[in-house]
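Fold and contact review
What follows is the residue order along each chain.
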Amino acid sequence: MSRDILLSYAMRFVGVPYKWGGDDPLLGIDCSGLVIELLQSQGILSRSYDSTAQGLYQHLSVCKTDKPCFGALVFFGRDIGKITHVGFSLDEKLMLEAGGGDSTTTTIGIAAAKNAFVKIRPILARHDLMAIVKPKYYWE
């Protein structure tokens, strides 16, 4: 899968409802579910891998980098030991994220009421950026 195919695949998730703990593009997906799906599509994570944003950071933290670029993961939280959110960087300024929800967002109806879905957002719209990780893609 090339960079263009990954980008095309990632963009198919735009508009998918947010669901706490979700990993299904039809029923809802959360931030780590979205990023894990994208990394699994590249063979970076096994199909059985499942984790929170914190666990994903711990698993991939050896790949830290200084600035966002396509395919980098941007991690947010109160401190490096309390990562609460992850997004997929589209370039140095924008990310794809499943956001707007929380632990009470468990249905499509609740997601709609909270305007919680997969969307493109500026990375710096959040002020709690903790780390940037750039996995090694086979096509690089």
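Attention here is on the structure that accompanies the text. Note that this is a predicted model, so its numbers are computed, not measured. (Residues numbered from 1 in each chain as written. Predicted model: local features only at pLDDT ≥ 70, side-chain atom pairs only at ≥ 80, totals over all residues. Heavy atoms only, no water.)

Considerations on the pairing of strand β3 (residues 73–77)
Put simply, the test is: Here's how the labels work: a residue is buried when its accessible area is under 20% of the maximum for its type, exposed when over 50%, partly exposed in between, all with a 1.4 Å probe on protein chains only. Helix and strand assignments come from DSSP, with helices taken as H or I runs of at least 4 residues and strands as E runs of at least 2, each series counted from the N terminus. DSSP bridges decide pairing: two strands pair if at least two such bridges lie between them.
By the criterion of burial, β3 is predominantly enclosed, with five of the five residues buried. What you see with β3 is no split at all: L73, F75 and G77 on one side and V74 and F76 on the other are buried throughout. Here β3 pairs with strand β4 (residues 83–89) via five bridges, running antiparallel. Counterpart to L73 in the pairing with β4 is F88. Between β3 and the antiparallel strand that follows it, β4, lie five residues. When β3 meets strand β7 (residues 129–133), the two strands line up antiparallel, connected through four bridges. When the bridges of β7 are listed, F75 appears paired with A131.

Some details on the nonpolar core
Spelled out, the test is: To qualify as a nonpolar core, a set must consist of buried Ala, Val, Leu, Ile, Met, Phe, Trp, Tyr and Cys residues joined through side-chain atoms within 4.5 Å. Note on contacts: a residue pair is in contact if any heavy atoms of the two residues lie within 4.5 Å.
By size, the foremost hydrophobic cluster in this structure holds 34 residues, and its most contacted members are L38, L56, F75 and F88. Of all the secondary structure elements, the ones that give two or more residues to this core are α1 (3–11), α2 (31–41), α3 (53–60), β3, β4, β5 (94–99) and β7. Counting residues per element, this core draws most heavily on α2, at six residues. If we skip the residues at most four places from it in the chain, F75 touches A53, L56, Y57, I83, H85, V86, D128, L129, M130, A131 and V133.

Looking at the environment of R78
Along the chain, R78 turns up in the loop between β3 and β4. Separated by 31 residues in the primary sequence, R78 and R47 place their C-alpha atoms 29 Å from one another.

Examining the environment of I29
Mapped onto the elements of the fold, I29 is located in strand β2 (residues 28–29). Judged by relative accessible area, I29 falls into the buried class, the value being 0%. Remark: the alpha-carbon pair of I29 and Y18, spanning 11 residues in sequence, is separated by 5.0 Å. I29 has contacts with F13, V16, P17, Y18, K19, G22, D23, D24, L34, A98 and V118, leaving out every residue within four places of it along the chain.

Some words on the side chain of K134
The line we're drawing: Any N or O atom pair separated by 3.5 Å or less is treated as a polar contact, with the protein-specific requirement of one donor-capable and one acceptor-capable atom, and with residues adjacent in sequence counted only for side-chain atom pairs.
Its location among the elements puts K134 in the segment after β7. A distance of 2.5 Å separates the side chain of K134 from the side chain of E140, its partner in a polar contact. Look past the residues within four positions of K134 in its chain and what remains in contact with it is C63, T65, C69, F70, G71, A72 and E140.

Side note on the layout of surface pockets
Counted only if it meets this: Space inside and on the surface of the protein is sampled on a 1 Å grid over the protein atoms alone, with a cavity defined as a set of points where a 1.4 Å probe fits but cannot get out and a pocket as an open set with protein on both sides within 12 Å along at least 5 of 7 lines; lining residues have an atom within 4 Å of a point. Grid points are joined across faces, edges and corners, and a volume is the space filled by probe spheres set on the points. As a working rule, the residues Ala, Val, Leu, Ile, Met, Phe, Trp, Tyr, Cys and Pro are called nonpolar, Asp, Glu, Lys and Arg charged, and the rest polar, with Gly in that last group.
Estimates place the volume of the largest pocket at around 500 Å³. If you trace the largest pocket, you find 28 residues lining it, with D30, C31, S32, G33 and S51 closest to the centre. Counting only elements with at least two residues in the lining of the largest pocket, the list comes to α2, β4, β5 and β6 (117–122). Of all the elements, α2 adds the most residues to the lining of the largest pocket, at six residues. Within the lining of the largest pocket, the residues separate by chemical class into seven nonpolar, 12 polar and nine charged.

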